[in-house]
Structure formats: C-alpha cells, structure tokens
Amino acid sequence: MADYTIACLPGDGIGPEVVAEARKAVDAAAARFGFGLAWVDYDLGADRWLRTGEALPDTALKELRDADAILLGAVGRPDVPPGVLERGLLLRLRFELDLYVNLRPVKLYPAVASPLAGVGPGDVDLLVVRENTEGVYVGAGGVVHRGGPAEVATETSIETRVGVERCLRYAAARAKERSGRLTLVHKTNVLVHAGDLWRRAAGEVAAEVGVELDYAHADAACLYLVGDPGRFDVIVTDNLFGDILTDLGAAIAGGLGTAASANLNPGGSGGLMERSGSPPAKPPPSLFEPVHGSAPDIAGTGKANPVAAVLSAALLLQHLGERAAAAAVEAGAVAVLQGAAGYSTQALGDRIATAVAGGGHRPPRGGR
Ligand code: IPM
Ligand code: MN
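Summing up its helical and strand segments, the protein has 12 helices and 12 strands in all. Against the 2.2 N^0.38 benchmark of 21 Å for 368 residues, the protein shows a C-alpha radius of gyration of 20 Å, consistent with a compact globule. On the principal axes, the C-alpha backbone points of the protein span a range of 60 × 50 × 40 Å. Evaluated residue by residue, the protein yields a buried proportion of 49% over its 368 residues. The long-range share in the protein, meaning contacts at least 24 apart out of those at least 6 apart in sequence, stands at 79%.

To continue, consider the environment of Ile298. If you trace the backbone, Ile298 turns up in the loop between strand S12 (286–290) and helix H10 (307–320). Sequence separation of Ile298 and Leu61 is 237 residues, and the distance between their C-alpha atoms is 30 Å. Residues in contact with Ile298, not counting those within four places in the same chain, are Ile14, Lys303 and Ala304.

Looking now at the pattern of salt bridges. Enumeration over the complete set of coordinates arrives at 24 salt bridges. Measuring nitrogen to oxygen at the nearest pair gives 3.2 Å for the salt bridge that ties Glu330 to Lys107. With a gap of 223 residues between them, Glu330 in helix H11 (residues 323–335) and Lys107 in strand S4 (residues 101–107) connect regions that are remote in the sequence. Exposure remark for Lys107: the relative accessible area of 29% places this residue in the partly exposed category. Across the pair Asp243 and Arg130 runs a salt bridge whose closest N-O atoms are separated by 3.6 Å. Taken together, the residues Asp243 in helix H8 (residues 239–252) and Arg130 in strand S5 (residues 125–131) connect sequence positions 113 residues apart.

Another aspect to go through is the site of ligand 1. Within the structure, ligand 1 sits among Glu86, Arg94, Arg104, Arg130, Tyr137 and Asp243. The side chain of Arg94 places a nitrogen or oxygen atom 2.7 Å from an oxygen atom of ligand 1. The side chain of Asp243 places a nitrogen or oxygen atom 2.9 Å from an oxygen atom of ligand 1. About the coverage of ligand 1: the protein hides 74% of its 320 Å² of free accessible area. For the shell around ligand 1, the per-class residue count stands at 1 nonpolar, no polar and 5 charged.

By size, the foremost hydrophobic cluster in this structure holds 87 residues, and its most contacted members are Leu71, Val129 and Val236. Among the elements that make up this core, the one with the highest residue count is H10 (10 residues). Excluding residues within four positions of it along the chain, Val236 makes contact with Val129, Cys167, Leu168, Ala171, Leu182, Thr183, Leu184, Val185 and Trp198. Counting 22 residues, the second largest nonpolar core, distinct from the first, contains Ala60, Ala67, Leu97 and Leu287.

Let's shift gears to the pairing of strand S9 (residues 212–217). Inspection of the sheet shows strand S8 (residues 181–186) paired to S9 by 6 bridges, in the parallel sense. Its bridge partner lying in S9, Leu182 is registered against Leu213.

The next subject is unusual backbone geometry. Unlike most non-glycine residues, His145 shows phi in positive territory, near 55 degrees. Relative to the assigned elements, His145 resides in the loop between strand S6 (135–144) and strand S7 (152–158). For His145, a relative accessible area of 54% puts it in the exposed group.

Rules used in this analysis
Residue positions are counted from 1 within each chain, in the order its sequence is given. Key to labels: chains lettered from A, ligands numbered from 1, both in the order written. Restriction of local features to residues with pLDDT of at least 70 applies here, the model being predicted, together with a cutoff of 80 or more for giving and counting side-chain atom pairs; totals for whole chains, interfaces and linings are based on all residues. Computation of side-chain values covers all heavy atoms of the structure but excludes hydrogens and water. In this text, helices come from DSSP runs of H or I with a minimum length of four residues, and strands from runs of E with a minimum of two, each type numbered from the N-terminal end. Between the two quantities, the radius of gyration covers C-alpha atoms and the globule rule is 2.2 Å times the number of residues to the power 0.38. Residue burial is assigned from relative accessible area. The probe radius is 1.4 Å, only protein chains are included, and a residue is buried under 20% of its type maximum, exposed over 50%, and partly exposed in between. Should any heavy atoms of two residues lie within 4.5 Å, those residues are considered in contact. Salt bridges are identified by distance alone: a Lys or Arg side-chain nitrogen within 4 Å of an Asp or Glu carboxyl oxygen. Proximity is defined per residue: any heavy atom of the residue falling within 4 Å of a molecule or strand makes that residue near it. Any N or O atom pair separated by 3.5 Å or less is treated as a polar contact, with the protein-specific requirement of one donor-capable and one acceptor-capable atom, and with residues adjacent in sequence counted only for side-chain atom pairs. Reported accessibility uses the Shrake-Rupley method at a 1.4 Å probe radius. Residues are deemed covered only where the shown protein chains occlude them. Note on residue categories: nonpolar means Ala, Val, Leu, Ile, Met, Phe, Trp, Tyr, Cys or Pro, charged means Asp, Glu, Lys or Arg, and polar means any other residue, Gly included. Buried Ala, Val, Leu, Ile, Met, Phe, Trp, Tyr and Cys residues form a nonpolar core when they are joined through side-chain atoms within 4.5 Å. DSSP bridges decide pairing: two strands pair if at least two such bridges lie between them.

So this is what it looks like as structure tokens:
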C-alpha cells in the first residue's frame, strides 16, 4: 500500500529528463526511510496539446486533486504559441488548486559559483515567498480596437485582503522559524492602492506573529540582492515582483541549475475556497517544479542539470512531512555539485540516487 500518491507531469523539453532523475532520488529516499509511493504519470504538455488541443482536460484536473503532491518538469515548446501551456496548464493548476504561495529558496550551495564578487556559500541563503494566485496573473483585462491606431490594452492587477493576508501569514511563520526577520517587497511609492493594502496587512500580521518587519521597494530590492544579499532572510512579495526577483535570486545563487520551487497550498485557504463554494475535504495537492524552463535548445543532449528538479522533489518530501527523506535528497543533490558540469543528466541523477540510498539502516520492505 502506498503512503503517498504523487502525480508526475514531466512536461516538455528537458522536463522529462530532469524529472526522471528526481524520481530516482525520491524512490531511493522512500526505500531508505520506509514509506511507499505510487507515481501516476500525466502526459500533459506540448505533444498532448498539439494532438488534442487540450492543455489540461477537466478529467485530468479532477484526478490531480486526489494526489498528495505533484511533481512537474517544465512546460513550453517553440512549436506551441507562447502562453498556451503556461496559462492553460501551469497557471491553471496554480489557480484551480489554490496554490497561493510560491516558495523559492535562494541558496548558494557549496561548489557553486555566484557571479557576485567575494560571495561564497552561506552568504546567500534566503527564502522568497511569492504570492501565487493574484496580481497581474489573474488575467483581468482585455484589448479593444486590436491592431488599429486606437488599440487599448489593459492588464489589471487584483489584490485581495484575504489573498494578501494568507500569503503574509505563511511568510511570517517561515520568518519566525528562521531569523525572525521578514521583508516586504513592493512598490508602495507608485502602486499606492495595492501597496497600501500589502503594507497595512504586513504590519498587522508581523505584529501578531512576532516578527520584525522590514520594507524595500522592488527596484531597490534588486539592487540590494546584488549588493548586499545578506540583508534579507525571508522576502514576501506580490506575484509579478516575485517572478522577477526570483530569477535574479537564482542568478546570484549561481544560476537556474539549483533553483527549486514549491507552489503550495499550506492548508487553510484563508477563507477563499470556503467562500467560493463547498470547502475541500483536504487541502489540494501542492506542486513542485524547478524554476528553470523547458530549455528546448538542450533537450535530448544530456546536458540539463537535474539538481533543481531534485531539490524541488526535496521540497515535496518536506511538504509531505518526510523530513529525513527531504534532508537526504537535498544532501544527495548537494553532494554532486562539485564538478557537476562533467557529468550527464543521467549520471548526475544516478550519483544522487546512490548518495540518497547510502548510509543508515534500510528498513525491511513490503511491510506496509
Ligand atoms: C515562473 C515562470 C512562470 C511565471 C511562467 C512560465 C508562467 O516564469 O514560474 O516563474 O511567470 O510564473
Ligand atoms: Mn519566472
């Protein structure tokens, strides 16, 4: 009997290659720490869309809701118009499953070089908590007089008190476990309406939870991330700022090769789901994916670094409450970083799985 059902969406480009290696690491951890996994594969992505016109069929979405977690590789391919799979699959999953936190650790691992001068491991170790279901990502807006000289396009950013507050609560809780420092990043000097909502809500949540609240404008935060990353510990920010900041974060932490992410529904939807319909019996599954894209240019070459996908799988295990397994998978990924460039995707994955499997006592199989 499996303890967990994990839905696997390898997706496009290098997605299937890196997900295969992440699975090996998770399977090795399951064997070592004595829990059972059932993987359920979904062939969603470019091929499926080109064949059927479906990015995420309702039937698949319904099944995904029953999974305990979702592991996703990457979506998008040059032969599919931009936005089709991003919006139709990835963003739809974030919205439908109400994955309101996008957690992105920005961590410089040993043996990884930061482009910042004089910055080594330990100097960059922060968490970005990106709001994941609001802002400009809601898709509110439209176009009139398209193609003509009077063309108008609007893209409305939607922020709700409930949506902002539940994200802040998650970020404050994480800050409390770490340094007790939380930095709100926004653009309150220009986005006065949404900025004011974020600022007031952040002040109230920080006071209630008992964390120190700092603030930086989004542009200044970019400057500080490069010039003095140690000033941040936990950053909380809106959806679009978080999207941009976390690519910069990945850059200062040595690139996309080690950048992992978790799209979380931490449980308790802050009242949103309850208000919009019947409450779900259990929280929807959270979704874990590397920050990198499908990199079609290197797909099939064996050059893709599976570490970001493996670290995302470690976040998945952490979310399931399998802390020892999560730590072993993270350690296994970190262990191969030295000289990683000399190895293929599969060779790195095999070395990680071996590291995860090794050490410690292997509990007898088949008992559960
Ligand atoms: C990310 C990506 C997505 C986003 C795209 C693919 C829709 O850039 O996860 O950061 O903008 O959120
Ligand atoms: Mn992005």
